[in-house]
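Examining the three-dimensional arrangement
In case you want the letters, here they are:
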Amino acid sequence: MKTSLMSFALALVLSVATFAMDNIDDTKKTSSATITTTNRAAVYNLVYTSAKAGLVTVSIKNQDGLVVMQEEIESDKKGFIRPYNFTAMPAGSYTLVVKDAAGKSELSLTYAHTVLSPVRKAEIKSLESNKYQLRLIGSSAESIEVTIYNQFDLPVYTETLTQKGSFIRTYDLSKMKSAKNRFEVKANGKLINQIEL
């Protein structure tokens with residue numbers, strides 16, 4: 001009974017453990033491969049470590065098992081980190097197959113399209129004397145459109161900005177006779193912020 005319990009426990013441990021490289025003789029394992037995410041959307045890093053220099057073949061298969069990309073990399077003794085950009089790929093499950101002289105590793109990842117906002121943050125705040133400040137942080141938009149509406153919801157001022165990055169603009173509405181105004185900010189034609197003044 002003890003032997004069968006030990007065998008079951010060992011089989012369970014082996015079934016949940018992920019060995020980096022399959023090999024006939026575990027004592028000869030000299031390399032490992034893992035996939036990590038990055039702070040860039042749709043970019044994953046293949047981290048390959050090895051005690052020996054040699055040729056490494058990396059293949060990416062889609063969920064139908066078709067090879068969508070393959071390359072050979074000459075690795076040094078330390079290994080390498082290789083980024084793979086999935087931006088042009090359809091969302092789905094992918095398998096990275098890493099082969100070297102020691103064996104083969106199959107790494108799974110699921111890629112889902114993420115739509116990043118062209119502006120990380122857009123703030124509009126009131127200053128003194130009927131002045132307002134627009135603060136855009138991390139803008140990568142092709143165009144920022146600022147429209148100010150009067151109390152009748154008619155546009156009284158429109159400006160298109162093509163400046164990228166982070167910036168601040170101040171708007172002076174002291175000469176406007178409207179009792180109530182509304183700011184609207186669009187990035188690439190999509191509304192990202194609005195505020196009633």
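Rules behind the numbers
Residues numbered from 1 in each chain as written. Predicted model: local features only at pLDDT ≥ 70, side-chain atom pairs only at ≥ 80, totals over all residues. Heavy atoms only, no water. Helix = DSSP H or I, 4+ residues; strand = E, 2+ residues; numbered from the N terminus. Buried < 20%, exposed > 50% of the residue type's maximum accessible area, 1.4 Å probe, protein only. Contact = heavy atoms within 4.5 Å. Areas by Shrake-Rupley, 256 points an atom, 1.4 Å probe, with all protein chains shown as cover. Core = buried A, V, L, I, M, F, W, Y, C linked by side-chain atoms within 4.5 Å. Salt bridge = Lys/Arg side-chain N within 4 Å of Asp/Glu carboxyl O. Pairing = 2+ DSSP bridges. Axes fitted to C-alpha atoms, helices over the stretch in contact; angles between N-to-C directions.

- Taking an unreviewed UniProt entry as the reference, the chain is identified by name as Por secretion system C-terminal sorting domain-containing protein belonging to Xanthocytophaga flava.

**A look at the overall build of the chain**
- Helix and strand counts for the chain come out as 1 helix and 14 strands.
- Taken over 197 residues, the chain has a buried fraction of 33%.
- Here the analysis covers contacts within the chain between residues at least 6 apart in sequence; of these, 50% occur between residues at least 24 apart.
- Counting every atom, the chain has about 12700 Å² of accessible surface; 54% of that belongs to carbon and sulfur.

**Focus: the nonpolar core**
- One finds Leu46, Tyr84 and Phe86 to be the most contacted residues of the largest nonpolar core, which totals 19 residues.
- Mapped onto this core, the elements with two or more residues apiece are strand S2 (43-50), strand S3 (54-61), strand S5 (80-85), strand S6 (92-100) and strand S7 (103-111).
- Discounting residues that sit within four places of it in the chain, Phe86 has contacts with Ala42, Tyr44, Ile60, Tyr94, Leu96, Leu109 and Tyr111.
- The next biggest cluster of nonpolar side chains, apart from the first, holds 16 residues, and it includes Leu134, Ile148, Leu161 and Ala187.

**Here's the deal with the environment of Pro155**
- Among the structural elements, Pro155 can be located in strand S11 (residues 155-161).
- Residue Pro155 is classed as exposed on the basis of its relative accessible area, which comes to 52%.
- When the C-alpha positions of Pro155 and Phe183 are compared, they lie 9.6 Å apart, and in sequence the two are 28 residues distant.
- Non-local contacts of Pro155, meaning those with residues more than four positions away in its chain, are made with Thr147, Ile148 and Tyr149.

**A word on the pattern of salt bridges**
- For the coordinates displayed, the defined rule picks out 7 salt bridges.
- Notably, a salt bridge pairs Lys104 with Glu106, separated by 3.5 Å at the nearest N-O pair.
- Since its relative accessible area comes to 32%, Lys104 is described here as partly exposed.
- Judged by relative accessible area, which is 46%, Glu106 ranks as partly exposed.

**Points about the sheet that holds S6**
- Reading across the sheet, the 4 strands line up as S4-S3-S6-S7 and stay open at both edges, with antiparallel pairing between neighbours. Unpaired on one side and paired on the other, strand S4 (67-75) and S7 mark the two borders of the sheet. Across the sheet, the mean angle separating the axes of adjacent strands is 15° when strand polarity is ignored.
- In the sheet, S3 pairs with S4 via 8 bridges, with the strands oriented antiparallel. Bridge pairing links Val56 to Ile73 in S4.

**Considering the sheet that holds S5**
- Read across the sheet, 3 strands follow the order S1-S2-S5 without closing on themselves; strand pairing throughout is antiparallel. The two strands at the open ends of the sheet, each matched to only one other strand, are strand S1 (31-37) and S5. The mean inter-strand angle of the sheet, taken between neighbouring strand axes irrespective of direction, is 20°.
- Pairing between S1 and S2: 7 bridges, direction antiparallel. Paired with Thr34 across the strands is Val47, a residue of S2.

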